[in-house]
Amino acid sequence: AHGVGPNVVDHFPAPMTVSNDCIPLQETNVNLTSGNAGKPHLLRTFKGHLDEVSCLALVDSNLFLSGSRDHNVKLWNISTGHCVRTYKSHTYSISSITLACEKTFVSGARDATINVWDIATGKLLNTLKGRSGSVN
């Protein structure tokens with residue numbers, strides 16, 4: 001990025017902020033917009049999840065992760081709009097995604113598991129179990 005914060009995508013016409021918070025988006029697509037809330041400008045739509053998208057996490061200025069009620073996490077290329085990889089292992093809705101470091105992220109789900117993933121290879125590195133209920 002060109003001197004902007006970690007959650008700002010700056011290679012489109014105007015910088016955009018991407019939230020790392022998990023929010024109920026209630027759509028199967030992710031829309032990338034710029035401008036203010038009163039008059040957003042649609043830049044790109046990311047299509048690929050089969051159920052509602054529940055959370056997002058920015059990896060870097062050109063990649064982000066999305067978690068969905070379809071039990072999957074997807075890695076997206078912001079410039080092209082293409083899905084780079086799908087991470088499959090959970091048996092219920094994804095409820096949270098957090099970057100652990102530059103190379104790994106963790107996903108929590110309503111199946112009471114936390115998965116640790118290698119971003120680049122898609123390899124599942126570890127699964128933590130033992131909770132009852134959703135992992136947020």
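Going by the structure above, here's the rest.
A few points on the structure. Keep in mind the model is a prediction, meaning the values are calculated, not measured. (Residues numbered from 1 in each chain as written. Predicted model: local features only at pLDDT ≥ 70, side-chain atom pairs only at ≥ 80, totals over all residues. Heavy atoms only, no water.)

## Overview of the pairing of strand E10 (residues 104–109)
Here is step 1: By the criterion of burial, E10 is predominantly enclosed, with five of the six residues buried.
Here is step 2: With five bridges joining them, strand E9 (residues 94–99) and E10 adopt antiparallel strand pairing. Considered in E10, the bridge of Ile97 is made with Ser107.
Here is step 3: Here E9 hands over to E10 after four residues, the two strands then running antiparallel side by side.
Here is step 4: Bridge count between E10 and strand E11 (residues 114–118): five bridges; the pairing is antiparallel. Bridging from a neighbouring strand, Val106 pairs with Val116 of E11.
Here is step 5: As consecutive antiparallel partners, E10 and E11 are separated by four residues, and within that stretch Ala112 has a phi angle of approximately 65°, a positive value. (Buried < 20%, exposed > 50% of the residue type's maximum accessible area, 1.4 Å probe, protein only. Helix = DSSP H or I, 4+ residues; strand = E, 2+ residues; numbered from the N terminus. Pairing = 2+ DSSP bridges.)

## Considering the nonpolar core
Here is step 1: If you look at the biggest cluster of nonpolar residues, it comprises 14 residues, and the most contacted ones within it are Leu65, Val73, Leu75, Tyr87, Ile97 and Phe105.
Here is step 2: Secondary structure elements with two or more residues in this core: strand E5 (53–60), strand E6 (63–68), strand E7 (72–77), E9 and E10.
Here is step 3: Counting residues in hydrophobic clusters, the runner-up holds nine residues, among them Phe46, Leu56, Leu58 and Ile78. (Core = buried A, V, L, I, M, F, W, Y, C linked by side-chain atoms within 4.5 Å.)

## Quick word on the packing of aromatic side chains
Here is step 1: Per the stated rule, a full pass over the model turns up six aromatic pairs.
Here is step 2: Ring geometry for Phe46 and Phe64: centres 4.9 Å apart, planes at 90°, overall edge-to-face. Placement of Phe46 in strand E4 (residues 41–46) and of Phe64 in strand E6 is noted, with a sequence separation of 18 residues between them.
Here is step 3: An angle of 20° between the planes, with centres 6.4 Å apart, marks the rings of Phe64 and Trp76 as stacked. Here Phe64, found in strand E6, pairs with Trp76, found in strand E7; they are 12 residues apart in sequence, far enough to count as distant.
Here is step 4: The class of Trp76 is buried, set by a relative accessible area of 1%.
Here is step 5: Taken together, the aromatic side chains of Phe46, Phe64 and Trp76 make up a single cluster linked through ring pairs. (Phe/Tyr/Trp six-rings, centres within 6.5 Å; stacked < 30°, edge-to-face > 60°.)

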